[in-house]
Amino acid sequence: MDWKLEVVVLPVSDMDRAKAFYGEKAGFNVDVDHRAGEDFRVIQLTPPGSACSITLMRNEEAAGSVQGLHLIVSDIEAAHTELTGRGATVSEFFHFTAGGQVSGPDPQRASYGSFFSFADPDGNGWLVQEVRPGGEPAR
């Protein structure tokens, strides 16, 4: 039996601001924006090519509490350029060595080796990680 992750719920303080960030700056597809009365709204967005979506939930007390979500891309430099071109604030590239986190992409550009990060307006944090086509992780 398959167990598939379909949706991750992100707590946000302002639904419209979060929808604009994910739809315009992060480039996610807006799948659903449904209201039922004044107190119920569902906004679901999906990163391009992903089988898993995010659902925005208005929760001011928990807004920004989700950290470490990973987006996997085949070209970390192109992904960085796309997000900055859309107006998102993103970190510089980094990778890890035996001594810890180091600036710049992985020198060998090994799969699973290069990262950058960004956060939504509430502070929910994302890592973008490069996995190259056919690439093996660094050993």
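The structure presented is a predicted model; accordingly, all values stated were derived computationally and were not measured. (Residues numbered from 1 in each chain as written. Predicted model: local features only at pLDDT ≥ 70, side-chain atom pairs only at ≥ 80, totals over all residues. Heavy atoms only, no water.)

## Observations regarding the overall build of the protein chain
For clarity, the cut-off: Note on conventions: DSSP H or I runs of at least 4 residues are helices, E runs of at least 2 residues are strands, and numbering of each starts at the N terminus. The contact criterion used is simple: two residues touch if any of their non-hydrogen atoms lie within 4.5 Å. Accessible surface area values rest on a Shrake-Rupley calculation with a 1.4 Å probe, where residue burial reflects the displayed protein chains alone. Charge convention: Lys and Arg are scored as positive, Asp and Glu as negative, and His as well as the terminal groups of each chain are ignored. Here the site of a charge means atom NZ of a Lys, CZ of an Arg, CG of an Asp or CD of a Glu.
Secondary structure summary: the protein chain contains 2 helices and 9 strands in total. Of the regular secondary structure in the protein chain, the N- to C-terminal order runs β-α-β-β-β-β-α-β-β-β-β. On the principal axes, the C-alpha backbone points of the protein chain span a range of 55 × 40 × 25 Å. Sequence-distant contacts in the protein chain: of pairs separated by 6 or more residues, those separated by 24 or more amount to 57%. In the structure as shown, the protein chain presents an accessible area of about 8200 Å², 51% of it carried by carbon and sulfur atoms. The distance from the centre of the 11 positive side-chain charges to the centre of the 20 negative ones in the protein chain is 2 Å.

## Describing a nonpolar patch on the surface
Cut-off, in case you're wondering: Residues with no salt bridge and a relative accessible area higher than 30% make up the patches, which join like charges within 9 Å and nonpolar side chains (Val, Leu, Ile, Met, Phe, Trp, Tyr) within 5 Å. Salt-bridge detection follows one rule: a side-chain nitrogen of Lys or Arg within 4 Å of a carboxyl oxygen of Asp or Glu.
Taken together, Val7, Val9 and Met57 make up a surface patch of nonpolar side chains, about 210 Å² in accessible area. Along the polypeptide, Val7 turns up in strand β1 (residues 7–12).

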